[in-house]
Amino acid sequence: MTDVTMEKIVSLCKRRGFIYPGSEIYGGLSGTWDWGHLGLALKNNVKRLWWHTFVESREDIYGIDAAIIMNPKAWEASGHVSGFADPLASGKLFSTMFKTSVGAAEEAAVAYLRPETAGGIFVNFKNTVDSFHPTLPFGIAQIGKAFRNEIAPRDFIFRAREFEQMEIEYFVRPSEWEKSFEMWRENVHSFNDAVGIARDSVHEFEVPDFERAHYSKRTIDFEFDFPFGRKELFGLAYRTDFDLSAHAKASGADLTYQDEKTGERFLPHVIEPSFGVDRTILALFASAYTEDELGGETRTYLKFNKNVAPVKAAVFPLLKNKPELVAKAREVYSILKSLVPSIQFDDNGNIGKRYRRQDEIGTPACITIDFQTLEDDTVTLRDRDTGEQERVRITEIADRISA
Ligand code: GAP
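Draft legend 1. Representation of the sheet that holds strand β19 (residues 313-317) within the structure. If you trace the 5 strands from one edge of the open sheet to the other, you get β20-β19-β21-β22-β23, paired in mixed fashion. For this open sheet the edge positions go to β20 (343-345) and β23 (389-393), each flanked by a neighbour on one side alone. Here the strands of the sheet are splayed against their neighbours by 30° on average, with no regard to which way each runs. Pairing analysis gives 5 bridges linking strand β22 (residues 378-383) to β23, with the strands arranged antiparallel. Looking at the pairing, Thr378 lines up with Arg393 of β23. Where helix α11 (residues 351-361) meets the sheet, its contacts fall on β19, β20, β21 (365-369), β22 and β23, and the angle it forms with β19 comes to roughly 170°. Strands β19, β20, β21, β22 and β23 of the sheet are contacted by helix α13 (residues 394-401), whose axis makes an angle of about 115° with β23.

So, in structure tokens, the structure goes:
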């Protein structure tokens, strides 16, 4: 078994262009991280998979992309201005909301960077109902940045000050919250399966009364076995009608929902599955990082699922100095690139080195063009995990490497 340490993950992430310390040439800025070419591709794939699973392939979820800076009254109503705080060593409470100001200096008004994407969803509940007339239960989903002035950012991207969330507020009849809670509980596990986080590395933790957020009547934390211990990956909360009721009161807007059959008006209750993008990525690195021996040499590789791997396949000419091989490899590369996103061309160093480089960034397949290709239009297709190679027709490659 590979000894997966944070040092190994952090170093690979930087070396291979996944994640860098934020503003590094200035000595960094604690709790911020910059995403390089491959990290961004991985992150986009995770977000796309989530959006596809929970929005595009369902009929009951609507998307929103709300402003990060909201009217501060929204955060007063939601209880964040008074209650979103962590205790300092002195015992005093410290608000973890980032403050900013809106408008010219003299009349500038205090505003906040949102500490959760949920806020932008609740303030658009009425807009969504008025535009789409959904029937209960239905949800509103948002992916976006959230900001928390964490007292002690730590463990790489696990606890950052700027991070991303993928959240759904799922509105239900008050009497039906338990059924929806169970559905989302299972959906969290299925998402983990799809993205490549093994079920036996995720553990449910029923959060006790005194530890729950101020808005929640029931919370399950999905904890993952990170290299630094078992810690929260995602959360699932029953927020009752806490938010809609607070926003209705503070804004004066009517946020009730009218039952289409009985005409009765009421405030729906809310089930909230909340996924952290950055923690998903860290769990993926911890799950995928593998060291083994192949052909008598030790190697490091990332066992990413095909659907999230930042590069789907790499195409090589066997020899760089044979123009006919390079031309053919370029041709195969162009064809594949038009069919499958994220294909790389590599002719640097020898074949063994190219394999190692692709293994280290988690590319599931390598395609080599050799002299036989020029005769029969077949190539070798090498599998990342086993290192095994087989001959495959060029016309069949796109199907074989697609996620
Ligand atoms: N809307 C509910 C909410 O924000 P939370 O448990 O505070 O609940 C939800 O956050 C998820 O956001 C967490 O499970 C985690 O994945 C992610 N998250 C929270 N704080 C984070 C931080 N400082 N850095 C990275 N991810 C964070």
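Now, onward.
Draft legend 2. View of a nonpolar patch on the surface. On the surface, a nonpolar cluster with roughly 300 Å² of combined accessible area is contributed by Leu318, Leu319, Phe371 and Leu374. Along the chain, the position of Leu374 falls in helix α12 (residues 371-376). When its relative accessible area of 38% is taken as the criterion, Leu374 is described as partly exposed.

Draft legend 3. Expanded view of the site of the ligand. Neighbouring residues of the ligand: 21 residues in total, closest Glu116, Glu150, Glu167, Glu232 and Leu233. In the environment of the ligand, an oxygen atom lies 2.8 Å from a nitrogen or oxygen atom belonging to the side chain of Arg148. One nitrogen or oxygen atom from the side chain of Gln165 is found 3.0 Å from an oxygen atom belonging to the ligand. For the ligand, the accessible surface in isolation is 550 Å², of which the surrounding protein chains cover 91%. Contributions of two or more residues to the shell around the ligand are made by β10 (162-172), β13 (229-240) and β16 (269-276). The greatest single-element share of the shell around the ligand, amounting to 5 residues, is contributed by β13. Its residues placed into classes, the shell around the ligand shows 8 nonpolar, 4 polar and 9 charged.

Draft legend 4. The nonpolar core, seen in detail. Of all hydrophobic cores here, the largest spans 57 residues; its most connected members are Phe18, Trp50, Phe191, Ile271, Phe285 and Phe304. In terms of residue count, helix α9 (residues 277-288) provides more of this core than any other element does, 8 residues in total.

Draft legend 5. How the structure looks around the side chain of Arg148. Inspection of the secondary structure assignment puts Arg148 in the loop between β9 (138-147) and β10. Despite its burial, Arg148 pairs with no opposite charge, the nearest such side chain being Glu150 at 4.8 Å. For Arg148, the side chain forms a polar contact with the main-chain oxygen of Pro115, separated by 2.9 Å. Once residues within four sequence positions are removed from consideration, Arg148 is found in contact with Phe84, Thr96, Phe98, Pro115, Glu116, Ala160, Arg161, Phe163 and Gln165.

Draft legend 6. Local environment of the packing of helix α2 (residues 37-56) against α9. Interhelical geometry of α2 versus α9 gives an angle of 110° and a closest axis separation of 10 Å. It follows from the interaxial angle that α2 and α9 lie roughly perpendicular. Like other packed secondary-structure pairs, α2 and α9 cross with a definite hand, here right-handed. The segment α2 lies against α9, with Leu42, Lys43, Val46 and Lys47 engaging Val277, Thr280, Ile281, Leu284 and Phe285. Here the contact of α2 with α9 is built from residues that sort into 6 nonpolar, 1 polar and 2 charged.

Rules used throughout
Throughout this document, residue positions are counted from 1 along each chain, in the order its sequence is written. Totals for whole chains, interfaces and linings use all residues, but because this is a predicted model, local features are given only for residues with pLDDT of at least 70 and pairs of side-chain atoms are given and counted only at 80 or more. Only heavy atoms go into the side-chain values, all of them from the structure, while hydrogens and water stay out. Note on pairing: DSSP must find at least two bridges between two strands before they are called paired. Helix and strand assignments come from DSSP, with helices taken as H or I runs of at least 4 residues and strands as E runs of at least 2, each series counted from the N terminus. Helix axes are fitted only over the stretch in contact, all axes being lines through C-alpha atoms; the angle between N-to-C directions runs from 0 to 180 degrees. Here, two residues are considered to be in contact whenever any of their heavy atoms come within 4.5 Å of each other. Candidates for patches are residues over 30% relative accessible area with no salt bridge; among them, like charges are joined within 9 Å and nonpolar side chains (Val, Leu, Ile, Met, Phe, Trp, Tyr) within 5 Å. To measure how exposed things are, a 1.4 Å probe is used in the Shrake-Rupley method; for residues, cover is taken only from the protein chains shown. When a carboxyl oxygen of Asp or Glu lies within 4 Å of a side-chain nitrogen of Lys or Arg, that pair is called a salt bridge. Here's how the labels work: a residue is buried when its accessible area is under 20% of the maximum for its type, exposed when over 50%, partly exposed in between, all with a 1.4 Å probe on protein chains only. Here a residue is near a molecule or strand as soon as one of its heavy atoms is found within 4 Å of it. Any pair of nitrogen or oxygen atoms within 3.5 Å is treated as a polar contact; in protein, a donor-acceptor pairing is required on top of that, and neighbouring residues in sequence qualify only through side-chain atoms on both sides. Each residue is assigned to one class: nonpolar for Ala, Val, Leu, Ile, Met, Phe, Trp, Tyr, Cys and Pro, charged for Asp, Glu, Lys and Arg, and polar for all the others, Gly among them. Residues enter a nonpolar core if they are buried and are Ala, Val, Leu, Ile, Met, Phe, Trp, Tyr or Cys, with the set joined through side-chain atoms within 4.5 Å. The convention is simple: Lys and Arg are positive, Asp and Glu are negative, and His and the chain ends are not counted. Roughly parallel means an angle under 35 degrees; roughly antiparallel, over 145; roughly perpendicular, 65 to 115; everything else is oblique. If you view the pair so one helix is near and one far, a crossing is left-handed when the near helix is turned anticlockwise from the far one by less than a right angle, and right-handed when it is turned clockwise.

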